[in-house]
Amino acid sequence: MATVDVDLPHVKDEDPHHHGPAKGLGRWLYTTNHKDIGSMYLIFSLSMFMIGGIMALIIRAELFQPGLQLVEPNFFNQMTTMHGLIMVFGAVMPAFVGLANWMIPMQIGAPDMALPRMNNWSFWILPFAFLILLSSLFMPGGAPNFGWTFYAPLSTTYAPESVTFFIFGVHIMGASSIMGAINIIATILNMRAPGMTLMKMPLFVWTWLITAFLLIAVMPVLAGVVTMMLMDIHFGTSFFNAAGGGDPVLFQHVFWFFGHPEVYIMILPAFGIISEIIPTFARKRLFGYSSMVYAVASIALLSFVVWAHHMFTVGMPLVGEVFFMFATMLIAVPTGVKVFNWVATMFRGSMTFETPMLFAIAFVVLFTIGGFSGLMLAIAPADFQYHDTYFVVAHFHYVLVPGAIFSIMAATYYWLPKWTGHQLNETMGKLHFWLSFVGVNVTFFPMHFVGLAGMPRRIPDYALQFADFNSMASVGAFIFGFSQLVFIYNVIQNVRAGEKATAQVWDGAQGLEWTIPSPAPYHTFSKPPKVD
Amino acid sequence: MTEQNQTKTNRLVVRLATAAIAMFGFGFALVPLYDVFCDITGLNGKNFSQGPADVASVDRSRTVKVQFVTVNPADMPWEFKPTLRSMRVYPGEDQTTTFYAKNSTAEWMVAQAVPSVTPSEAAPYLHKVNCFCFDRQPLDAGTDTEMPLLFVVDPELPEHISTITLSYALYDLTDDQKVTQLTLDNDKGRTSL
């Protein structure tokens, strides 16, 4: 276990260039400090999470009863579309980038990110991307209503006028992600402290390195596909227009070539976070460190050859269905390795159940449920039954909400004392956890049942026999949604006041970030630490 | 950061940015790749041969059922249907059938049919000697026409395929045609795709 030594030379402000943050708004506009930018990403992500959450509650309120109660079907479709886009590109991805900004330099002993100015830019274009996207809600014809997967020709021939704003929004957020990814790779490959070899890096750093490569590989493809849409809509090309010799199915192929690696972009950093938290609270080293690294790498590689499992029903030939079915099932192997490693890490550890650990354990259990329903969907003949039903909705919400979102919350609770210098309020943290845990399961578990019974997704009304499970899901959604106010309260309280945190914070925690005092000084590791 | 580290970082950034730009290009390269892939494998039911078929002899040992299906996209007001719903043919035998189209609007319009074959495995074995789908079809307001299709089913069609469905979707190209007319001053309706 690392010993706490607050007199380490690298934490002293010896260099006269090292000053505190600037004052006022300028600090945030011009900052190149990885901690400031990390905080801005996290705050941005939280506000997008709230906006996307309100949209989810509008959806669930409408679905509380069969029939049309609250919103027009077209507005309902705008809500499902915007909810998906905002949660994927506005909440989950920026939250992970924010955590990367805060933690990667501190975990590898670097003074800052490799490209601090670009870092500032990649954050500051993001709010504009989402302003453009959200502004479409107030345009004539309304916001995009074609689902977050924006299949052509729904998103081209039949799209509302605002689709062009959506396309530019996606371009900007893509540019932001690519710049962020380049920065993270450059930081990890070039800025590690002496002695920090690749195989000594914390797993959060490893998973982010691999994620960053995925981002560079697929975000440009997303930019490409929306550019093709733009050209089809405004410049008379026929990429996806069958009348002009194009093919709408081509859209799905190109989209999912981006889309499947994208879902791993949203979960690999979560794997890293959980691999940091579980050893801390089990007070054991992570079981199978190198197998974890190889598992993440093989998941990332496999993610490029499974995309068509999202489109089993387009009329693929049997060979295609069989290939994509088995390639998809193969991903269960490295994922299983990870789950077993986490369980083996906990096995016979002296576990304690502080809030971050509760979220981490819930992640392992509930993510595994999501993984299993994913395996069910991977079975091509069975998928014809599940395709575009609530079963799919249940599946990806299980991997994204108690998966990605829970890991982000676990990470926030885990590192918050390091950021703010205040110990967590465990009572409030546990209250937040239990409300979220119950809320998530009450919301999404019944969706499996209505999905298997045939309720289609993205519809504002449904047959009577689905009424009970839907009202149950809506109650759960409101519990989950409002319990996030406890989270916001916890974070604000922790920033303002609290018991003074030590540098170590958690007594089982390992790693360079725990050798610097809490709160982490504005500049850390100006002189690189020695890692042996 | 040391100077040496800075050059190393710059080089890495250039390489990563190049990779990102290359992947943007790859996204577009997927379009022709997709067509080539479909051509080679016969997926998608698009790679039927056009023009005179090179068929050796008629196979009278079996018959194949060829079904005709027509589809109008939502914004296409023409009446469009096959004169025969299906035909039973010997592989290798020349066949002719027609499709009926009527422009029931009050406007002059141009349309073109886009074919697709199911099962896609059968697509390479359905030779279209002549097909109305090769050309654009103009129709004056309220007029109708019979459009010919000459085809041969290849005798090498795999034994397990006993039914082939040939589907046509009819697309409105009037706006395209007007543009082409203005720019190329082409003969009405003879602009091939």
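Residues numbered from 1 in each chain as written. Chains lettered and ligands numbered in written order. Predicted model: local features only at pLDDT ≥ 70, side-chain atom pairs only at ≥ 80, totals over all residues. Heavy atoms only, no water.

1. A few points about the overall build of chain B
Alright, step 1. Helix and strand counts for chain B stand at two helices and nine strands.
Alright, step 2. Secondary structure of chain B in N-to-C order comes out as α-β-β-β-β-β-β-β-β-β-α.
Alright, step 3. Split into buried and exposed, the 193 residues of chain B put 43% on the buried side.
Alright, step 4. Considering only contacts in chain B between residues 6 or more positions apart, those separated by 24 or more positions represent 75%. (Helix = DSSP H or I, 4+ residues; strand = E, 2+ residues; numbered from the N terminus. Buried < 20%, exposed > 50% of the residue type's maximum accessible area, 1.4 Å probe, protein only. Contact = heavy atoms within 4.5 Å.)

2. Describing the overall build of chain A
Alright, step 1. Looking only at helices and strands, chain A features 16 helices and zero strands.
Alright, step 2. A compact globule built from 532 residues would reach a C-alpha radius of gyration of about 24 Å, and chain A, at 23 Å, matches this within 12%.
Alright, step 3. By principal-axis analysis of the C-alpha atoms, chain A measures approximately 70 × 50 × 45 Å.
Alright, step 4. Burial analysis of chain A (532 residues in total) assigns 61% to the buried set.
Alright, step 5. Taking as baseline every contact in chain A between residues at least 6 positions apart, the subset at least 24 positions apart corresponds to 83%.
Alright, step 6. Looking at chain A as shown, the accessible area adds up to about 19700 Å², and 71% of this sits on carbon and sulfur atoms.
Alright, step 7. Charge centroids of chain A, computed over 21 positive and 25 negative side chains, lie 12 Å from each other. (Rg over C-alpha atoms; globule rule 2.2 N^0.38 Å. Areas by Shrake-Rupley, 256 points an atom, 1.4 Å probe, with all protein chains shown as cover. Lys, Arg positive; Asp, Glu negative; His and termini not counted. Charge placed at Lys NZ, Arg CZ, Asp CG, Glu CD.)

3. Observations regarding the state of the cysteines
All names here are of chain B.
Alright, step 1. Summed over all chains, the structure comprises one disulfide over all chains.
Alright, step 2. Each disulfide pairs two cysteine sulfurs, and for Cys131 the partner residue is Cys133, the sulfurs being separated by 2.2 Å. Its S-S torsion of approximately 135° makes the covalent link between Cys131 and Cys133 right-handed.
Alright, step 3. Its relative accessible area of 7% is what places Cys133 among the buried residues. (Disulfide = S-S within 2.5 Å.)

4. As for the environment of A:Leu268
Alright, step 1. Along the chain, the position of A:Leu268 falls in helix H8 (residues 268-282).
Alright, step 2. Discounting chain neighbours no more than four positions away, the residues touching A:Leu268 are A:Thr207, A:Ile210, A:Thr211, A:Leu214, A:Val296, A:Ile299 and A:Ala300.

5. Looking at the interface of chain A and chain B
Alright, step 1. Residue-level contacts link 32 residues of chain A with 26 residues of chain B.
Alright, step 2. In total, about 2500 Å² of surface goes out of reach between chain A and chain B, with carbon and sulfur atoms giving 76% of it.
Alright, step 3. Applying the counting rule to chain A against chain B returns zero salt bridges.
Alright, step 4. Put simply, chain A and chain B have three residue pairs in polar contact (both at pLDDT 80 or more) between them.
Alright, step 5. Taken together, the elements giving at least two residues each to the side of chain A that touches chain B come down to helix H5 (163-190), helix H6 (203-234) and helix H7 (248-265) of chain A.
Alright, step 6. With ten residues, the top contributor of residues to the side of chain A that touches chain B is H6(A).
Alright, step 7. Looking at side-chain class alone, the side of chain A that touches chain B contains 25 nonpolar, six polar and one charged residues. (Buried area = accessible area lost by both parts, 1.4 Å probe. Salt bridge = Lys/Arg side-chain N within 4 Å of Asp/Glu carboxyl O. Polar contact = N/O pair within 3.5 Å; in protein donor to acceptor, adjacent residues only side chain to side chain. Nonpolar A, V, L, I, M, F, W, Y, C, P; charged D, E, K, R; others polar.)

6. Focus on the nonpolar core
Alright, step 1. The biggest cluster of nonpolar side chains holds 191 residues, and the ones touching the most others in it are A:Phe89, A:Phe130, A:Phe150, A:Phe166, A:Trp208, A:Trp342 and A:Trp415.
Alright, step 2. Filtering out sequence-adjacent residues up to four positions away, A:Trp342 remains in contact with A:Phe271, A:Ile274, A:Ser275, A:Ile278, A:Leu286, A:Met292, A:Phe363 and A:Val364.
Alright, step 3. One finds B:Trp78, B:Phe99, B:Leu126 and B:Leu166 within the second-largest nonpolar core, a separate group that totals 31 residues. (Core = buried A, V, L, I, M, F, W, Y, C linked by side-chain atoms within 4.5 Å.)

7. Observations concerning the sheet that holds strand S6 (residues 126-131) of chain B
Residue and element names in this part refer to chain B.
Alright, step 1. Read across the sheet, four strands follow the order S2-S4-S8-S6 without closing on themselves; strand pairing throughout is antiparallel. Because the sheet does not close on itself, it has two edges, and the strands there are strand S2 (79-82) and S6. Across the sheet, the mean angle from the axis of one strand to that of its neighbour is 25°, orientation sign disregarded.
Alright, step 2. Pairing analysis gives five bridges linking S6 to strand S8 (residues 144-153), with the strands arranged antiparallel. In the sheet register, Cys131 faces S8, and the bridge partner there is Leu149. (Pairing = 2+ DSSP bridges. Axes fitted to C-alpha atoms, helices over the stretch in contact; angles between N-to-C directions.)

8. Some words on the pairing of strand S4 (residues 94-102) of chain B
Residue and element names in this part refer to chain B.
Alright, step 1. Where S2 lies against S4, four bridges are found, and the strand directions are antiparallel. Looking at S4, one finds that Glu79 is bridged to Lys102.
Alright, step 2. Relative to S8, S4 runs antiparallel, the two sharing nine bridges. Paired with Asp94 across the two strands is Val152, which belongs to S8.

9. Quick look at the side chain of A:Thr280
All names here are of chain A.
Alright, step 1. Relative to the elements of secondary structure, Thr280 occurs in helix H8.
Alright, step 2. Residue classification places Thr280 among the buried residues on the basis of a relative accessible area of 3%.
Alright, step 3. Residues in contact with Thr280, not counting those within four places in the same chain, are Tyr414, Trp506, Gly508 and Ala509.

10. What about the packing of aromatic side chains?
Alright, step 1. What the rule picks out here adds up to 57 aromatic pairs over all chains.
Alright, step 2. Seen in terms of ring centroids, A:Phe150 and A:Phe166 are 4.9 Å apart; in terms of plane orientation they differ by 70°. Their pairing is edge-to-face. Of this pair, A:Phe150 sits in the loop between helix H4 (116-135) and H5 while A:Phe166 is found in helix H5, placing the two residues 16 residues apart along the sequence.
Alright, step 3. Here A:Phe150 falls in the buried class, since its relative accessible area comes to 0%.
Alright, step 4. With centroids separated by 6.0 Å and ring planes inclined at 70°, the aromatic side chains of B:Phe68 and B:Phe151 adopt a geometry described as edge-to-face. With B:Phe68 in strand S1 (residues 64-71) and B:Phe151 in strand S8, the pair connects residues that are 83 residues apart, well separated along the chain. Residues B:Phe68 and B:Phe151 agree in their burial class; the two are buried. (Phe/Tyr/Trp six-rings, centres within 6.5 Å; stacked < 30°, edge-to-face > 60°.)

11. Looking at the packing of helix H3 (residues 73-108) of chain A against helix H14 (residues 390-420) of chain A
When two helices pack together, you describe them by how their axes are tilted relative to each other and by the distance separating the axes.
Residue and element names in this part refer to chain A.
Alright, step 1. Look at H3 against H14: their axes get within 11 Å of each other, and the N-to-C directions meet at 35°. Between H3 and H14 the crossing geometry is left-handed. On H14, the residues that touch His83, Val92, Ala95, Phe96, Leu99, Trp102, Met103, Met106 and Gln107 of H3 are His397, Ala404, Ile405, Ser407, Ile408, Ala411, Trp415, Lys418 and Trp419.
Alright, step 2. Partitioning the contact of H3 with H14 into residue classes produces 13 nonpolar, four polar and one charged. (Left-handed = near helix turned anticlockwise from the far one by under 90°.)

12. Examining the packing of H3(A) against H6(A)
Residue and element names in this part refer to chain A.
Alright, step 1. Two elements in contact, H3 and H6, have axes whose closest approach is 11 Å; the angle formed by their N-to-C orientations is 140°. Considering the angle they form, H3 stands oblique to H6. Here the hand of the crossing between H3 and H6 comes out left-handed. In this structure, H3 contributes Phe89, Met93, Phe96, Val97, Leu99, Ala100, Met103, Ile104, Gln107 and Ile108 to the contact, and H6 contributes Phe204, Val205, Trp208, Leu215, Met219 and Leu222.
Alright, step 2. Split by residue class, the contact of H3 with H6 holds 15 nonpolar, one polar and no charged. (Parallel < 35°, antiparallel > 145°, perpendicular 65-115°, else oblique.)

13. A few points about the pattern of salt bridges
All names here are of chain B.
Alright, step 1. Scanning the model with the defined rule gives seven salt bridges over all chains in all.
Alright, step 2. Measuring nitrogen to oxygen at the nearest pair gives 3.6 Å for the salt bridge that ties Arg60 to Glu93. You can see Arg60 sitting in the loop between helix H1 (3-41) and S1 and its partner Glu93 sitting in the loop between strand S3 (86-89) and S4, a full 33 residues away along the chain.

14. Examining the sheet that holds strand S7 (residues 137-139) of chain B
Backbone hydrogen bonds hold the strands of a sheet together, and the pairing may be parallel or antiparallel.
All names here are of chain B.
Alright, step 1. Pairing is mixed in the open sheet, where five strands are placed in the order S3-S1-S9-S5-S7. Of all strands in the sheet, those bounded by a partner on one side alone are S3 and S7. Direction aside, the axes of adjacent strands within the sheet are offset by 25° on average.
Alright, step 2. In this structure, strand S5 (residues 109-118) lies alongside S7, joined through three bridges in antiparallel fashion. Across the sheet, the residue bridging to Met109 is Leu139, located in S7.

15. A word on H8(A)
Alright, step 1. Taking 1.5 Å per residue, 15 residues should reach 21 Å; H8(A) reaches 21 Å between its end C-alpha atoms and fits that length.
Alright, step 2. The first or second residue beyond H8(A) is A:Arg283, which carries a positive phi of 55°. (Expected span 1.5 Å × (residues − 1).)

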